[in-house]
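Understanding the architecture of this molecule
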Amino acid sequence: MNYAKDLIQLNNKKRKQLTKENLKYYENILVYIRLSYSKNEQETEEILSDLLNHLLEAQAEGKTAEEVFGDEPKQYADEIIGELPGMLTKKRTLFITMFILYFLATYTISSGAFVLILYYVFNLGELIREIYIGSVLIQTLILVPITLFLGYILIQYIRWSCFKQINKVAEFLLLGISGIVSFGMYRAVFYFVPKFSPIVEMPIYATLPLGIILFLAAHMTRRVI
Amino acid sequence: MALRSQLLKGILEGCILAIIARGSVYGYELSLRLQNYGLVVSEGSIYPILLRLQKELLIRGEIQDSPSGPNRKYYFLTEQGVAALQEFKKNWTDIKTPVDLLLSKED
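Report follows, based on the coordinates.

Parameters at a glance
Starting afresh in each chain, residues are numbered from 1 along the sequence in its written order. Chains carry letters from A onward and ligands carry numbers from 1 onward, assigned in written order. Per-residue local features are limited, in this predicted model, to residues with pLDDT of at least 70; the limit for side-chain atom pairs, both in listing and counting, is 80 or more; totals at the level of whole chains, interfaces and linings are taken over all residues. In computing side-chain values, all of the structure's heavy atoms are included and hydrogens and water are not. Numbered from the N terminus, helices here are DSSP runs of H or I no shorter than four residues, and strands are runs of E no shorter than two. Contacts are assigned to residue pairs with any non-hydrogen atoms lying within 4.5 Å of each other. Any residue with relative accessible area above 30% and no salt bridge may belong to a patch, with like charges joined within 9 Å and the nonpolar Val, Leu, Ile, Met, Phe, Trp and Tyr side chains within 5 Å. To be clear on the numbers: accessible area is Shrake-Rupley with a 1.4 Å probe, and residue cover counts the displayed protein chains and nothing else. Salt bridges are identified by distance alone: a Lys or Arg side-chain nitrogen within 4 Å of an Asp or Glu carboxyl oxygen. Working definition: with a 1.4 Å probe on protein chains only, accessible area under 20% of the residue-type maximum means buried, over 50% means exposed, and in between means partly exposed. Cavity and pocket criteria rest on a 1 Å grid covering protein atoms alone: a 1.4 Å probe that fits but cannot get out defines a cavity, protein on both sides within 12 Å along at least 5 of 7 lines defines an open pocket, and an atom within 4 Å of a point defines a lining residue. Grid points are joined across faces, edges and corners, and a volume is the space filled by probe spheres set on the points. Note that Gly is not counted as nonpolar here; it falls among the polar residues with everything else outside the nonpolar set of Ala, Val, Leu, Ile, Met, Phe, Trp, Tyr, Cys and Pro and the charged set of Asp, Glu, Lys and Arg. A domain assignment, automatic or from a database, supplies the domain bounds used here. The convention used is that axes are lines fitted to C-alpha atoms, helices contributing only their stretch in contact, and that angles between N-to-C directions extend from 0 to 180 degrees. If you view the pair so one helix is near and one far, a crossing is left-handed when the near helix is turned anticlockwise from the far one by less than a right angle, and right-handed when it is turned clockwise. Any Phe, Tyr or Trp ring, taking Trp's six-membered ring, that has another such ring centre within 6.5 Å forms a pair; planes under 30 degrees apart are called stacked, those over 60 apart edge-to-face, and the others tilted. Two parts placed together each lose some accessible area; with a 1.4 Å probe, that loss summed over both constitutes the buried area. Angle categories: roughly parallel below 35 degrees, roughly antiparallel above 145, roughly perpendicular from 65 to 115, and oblique for all the rest.

Things to note about the side chain of Thr44(A)
By the element assignment, Thr44(A) lies in helix H3 (residues 41-60). Once residues lying within four places of it in the same chain are set aside, the contact partners of Thr44(A) are Ile33(A), Lys39(A) and Leu84(A).

Digging into a nonpolar patch on the surface
A surface patch of nonpolar side chains, amounting to about 640 Å² of accessible area, comprises Ile117(A), Tyr120(A), Val121(A), Phe122(A), Leu124(A) and Tyr205(A). Under the relative-accessibility criterion, Leu124(A) is labelled partly exposed at 46%.

Some thoughts on the layout of surface pockets
Residues and elements named next belong to chain A. There is about 1,400 Å³ of room inside the largest pocket. In terms of lining residues, the largest pocket is bounded by 33 residues, among which Tyr107, Ser111, Val136, Gln139 and Phe190 are the most central. Taken together, the elements giving at least two residues each to the lining of the largest pocket come down to helix H6 (89-122), strand E1 (128-132), helix H7 (133-161), helix H8 (168-192), strand E2 (199-203) and helix H9 (207-224). Tallying contributions element by element places H6 first for the lining of the largest pocket, with 10 residues. The residue inventory of the lining of the largest pocket, partitioned by class, reads 21 nonpolar, 8 polar and 4 charged. One number sums up the size of the second largest pocket: a volume of about 1,200 Å³. Looking at the second largest pocket, it is lined by 34 residues, and the ones nearest its centre are Arg34, Tyr37, Met87, Phe95 and Met98. Those elements giving two or more residues to the lining of the second largest pocket turn out to be helix H1 (3-15), helix H2 (20-34), H3, H6, H7 and H9. Per-class residue counts for the lining of the second largest pocket are 18 nonpolar, 7 polar and 9 charged. Residue-level mapping places the lining of the second largest pocket at the junction of two domains, with at least three residues from each of domain 1 (3-83) and domain 2 (89-224).

Details of the packing of H3(A) against helix H3 (residues 46-55) of chain B
The interhelical angle for the contact between H3(A) and H3(B), taken along N-to-C directions, is 145°, at an axis separation of 11 Å. As H3(A) runs across H3(B), the sense of the crossing is right-handed. The residues of H3(B) that touch H3(A), namely those facing Glu43(A), Ile47(A), Asp50(A), Leu51(A) and His54(A), are Tyr47(B), Leu51(B) and Gln54(B). Here the residues of the contact of H3(A) with H3(B) are counted per class, giving 4 nonpolar, 2 polar and 2 charged.

Let's talk about the packing of aromatic side chains
All names here are of chain A. This model, assessed by the stated rule, comprises 11 aromatic pairs over all chains. Relative to Phe69, the ring of Tyr25 lies with its centre 6.3 Å away and its plane at 20°, an arrangement referred to as stacked. Linking Tyr25 in helix H2 with Phe69 in helix H4 (residues 65-69), this pair joins segments that are 44 residues apart in sequence. Taken together, a centroid distance of 6.0 Å and an interplanar angle of 65° make the contact between Tyr102 and Phe215 edge-to-face. One end of the pair, Tyr102, is in helix H6; the other, Phe215, is in helix H9, and 113 residues separate them in sequence.

With respect to the interface of chain A and chain B
Contacts between the two partners involve 25 residues from chain A and, on the opposite side, 21 residues from chain B. Regarding the contact of chain A and chain B, the summed buried area is about 2,000 Å², with carbon and sulfur atoms giving 51% of it. The largest share of the area that chain A buries against chain B comes from His54(A), Glu57(A) and Glu83(A), three residues that together contribute 31% of it. For the pair chain A and chain B, the interface holds 6 salt bridges. The salt bridge involving Lys9(B) is made with Glu79(A); its shortest N-O contact spans 4.0 Å. The set of elements that each furnish at least two residues to the side of chain A that touches chain B consists of H1, H3, H4 and helix H5 (73-83) of chain A. If one sorts the elements of the side of chain A that touches chain B by residue count, H3(A) sits on top with 10 residues. Here the side of chain A that touches chain B is composed, by residue class, of 12 nonpolar, 4 polar and 9 charged.

Details of the packing of H6(A) against H7(A)
All names here are of chain A. H7 packs onto H6 with a crossing angle of 120° between their chain directions and a minimal axis gap of 11 Å. As summarised for this structure, H6 and H7 are arranged oblique, according to the angle between their axes. When you trace H6 past H7, the crossing you get is right-handed. Along its contact with H6, which presents Ile96, Phe99, Ile100, Phe103, Leu104 and Tyr107, the element H7 presents Thr140, Leu143, Val144, Thr147 and Leu148. Split by residue class, the contact of H6 with H7 holds 9 nonpolar, 2 polar and no charged.

Now the structure itself:
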């Protein structure tokens, strides 16, 4: 069932045999096609492995990737994507569920750890917190779509940058600014959502098992895909 | 898309079916066969076509371990593929003779 994962591993190994230029050309195509994310994974990995095998044989005969796939790699990759069958709706739903579960797990554990560090390292705050269940639910409902949206933007950015020479400094600044803006958006959600009941008193340790359960659920979803 | 490239694509599809009909091939092998017949196309251009032919169920791919390197995808013709090839052959003969005639009378 999960033959795609074997193909990915094999691809990782085989790719090392490519020359520097061919590897750069091929990896751009690979990342761009994989991140089209709405395509059948098995078919995607099969064609990527086909392309790699072809390039390796052509390379042995002294040909370059440009000679084999042309000098318009983006156009070529788009042509491939256009012919790939789509991902099943059920799989797509599982994919998004997995993403949300991983996000919630990371979020639960890191916010729990944050409080624990404040308490034990800096002697700040308390271990038992009053949690406004209503507020937490609303915050989560707002944060999940924001995170999905940020993830989407990031994927689009990586795809866009695949076939471009981007100034390293500019990229660093851009990513830095986006990071600050996203962080600001998260803080704003916490700041502006009003506190409302019901209130529960919860020891902060409880976030850890909750986070672990979410991680396990995410992991199980991933295995089903 | 330009009529010219549409036409070429259709012909290339037919030729690929014809080659696969003579025995299963993997991608690189297929591009070599095409070149041996003097059909010089950019090697990479066969892959979008192979994907389309698979989607239309005219061919199917099977990953097999080969003696010279593991995990190659071999392509086979399906029954629908055989029928499509027959139709291509018929269309081709229907159009080939009149076009040849027309072009040769030009000068």
